[in-house]
Amino acid sequence: MTNVQAIPATRPARLRLRIEFALFYIGAPLLIAVLFPPDWMFPALFAFTGLGIILLHLTHGFRWAELRHGWRNWSWAEVLGFSAAMTALCIAVIYATKPQATFFLLQNRPELLAVIWLGYPLVSALPQELLFRPLFYRRYGAILPQGRAADLLNAALFSFAHLMYWSWIVAAMTLAGGLLFSWAYRWRGSFFYAVLLHAIAGNILFAVGLGVYFYSGNVQRPF
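Residues numbered from 1 in each chain as written. Predicted model: local features only at pLDDT ≥ 70, side-chain atom pairs only at ≥ 80, totals over all residues. Heavy atoms only, no water.

Trainee: Help me understand the overall build of the chain, please; the structure alone is not making it clear to me.
Mentor: Per the secondary structure count, the chain includes eight helices and zero strands. In terms of C-alpha radius of gyration, the chain reaches 18 Å, essentially the compact-globule figure of 17 Å for 223 residues. The proportion of buried residues among the 223 residues of the chain is 48%. Intrachain contacts of the chain at a sequence separation of at least 6 include 78% that bridge at least 24 residues. Carbon and sulfur atoms form 69% of the exposed surface of the chain, whose accessible area is close to 11,600 Å². Across the chain, 16 positive and 7 negative side-chain charges occur, with their mean positions spaced 9 Å apart. (Helix = DSSP H or I, 4+ residues; strand = E, 2+ residues; numbered from the N terminus. Rg over C-alpha atoms; globule rule 2.2 N^0.38 Å. Buried < 20%, exposed > 50% of the residue type's maximum accessible area, 1.4 Å probe, protein only. Contact = heavy atoms within 4.5 Å. Areas by Shrake-Rupley, 256 points an atom, 1.4 Å probe, with all protein chains shown as cover. Lys, Arg positive; Asp, Glu negative; His and termini not counted. Charge placed at Lys NZ, Arg CZ, Asp CG, Glu CD.)

Trainee: Hey, could you run me through the environment of W187 in this one?
Mentor: With respect to the secondary-structure elements, W187 resides in the loop between α7 (168-186) and α8 (191-208). Counting along the chain gives 131 residues from W187 to L56, while the straight-line C-alpha distance between them is 21 Å.

Trainee: How do you make sense of the packing of aromatic side chains when you look at a structure like this?
Mentor: Two aromatic rings are characterised by how far apart their centres lie and by the angle between their planes. One pass over the full model with this rule turns up 23 aromatic pairs. A connected cluster of aromatic rings, assembled from ring pairs, spans F21, F24, Y25, F48, F132, F136, Y137, Y140, F158, F181 and Y185. The ring of F158 has R133 sitting right over it, with the charged end atom 4.9 Å from the ring centre. Directly above the aromatic system of W187 lies the positively charged group of R148, at a separation of 4.2 Å from the ring centroid. (Phe/Tyr/Trp six-rings, centres within 6.5 Å; stacked < 30°, edge-to-face > 60°. Lys NZ or Arg CZ within 6 Å of the ring centre and 35° of its normal.)

Trainee: Help me out: how do you make sense of the side chain of E20 in this one?
Mentor: Topologically, E20 is positioned in helix α1 (residues 11-35). Ignoring anything within four residues of it in the chain, the contact list for E20 reads L55, R139 and Y140.

Shown next, in the form of structure tokens:
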């Protein structure tokens, strides 16, 4: 397990952190999902991401250089195995739920898929990992449960952050992804390993056709 140390906090500081934590990881996603129109979601998410990066930068004891740690803990066999398993899972899910969308971008808009493959790792995977791994564990470590319970909470909130899509498929996939990416960050000890796995997952997802569930134009709120 990586040496992600919680910063000791006084009782007033813990209370402030709990309020901040609830507003950031519960209040903001709920507000975006319930009140914001679909075409406002991404600007709101970018603002949310910017705030999170500022909070991470202001976190006592955090240094950006620490994100480079853990390169030697990577396993390319794990990467290949994960890529194969992710591809098989995504194909199974798209065939079972929306077979008409299977490989839609690959067959009809390969140029758009290429843009997504180039942009997703930097525009989506990287900032999401900053917010849900270093920010989560470094800034709020003093108020988190111990051990695996913190990882379960992390995955649950990562899934909740995708509530705006109002899809059980998105919720289930992001919950599983949150567990995996948290493991890569905490137990493999590498932030960029988590980013790599997240980027691979996202790019496979869009290539197979499951991006249909992650498109704001398809969002249908249940109210």
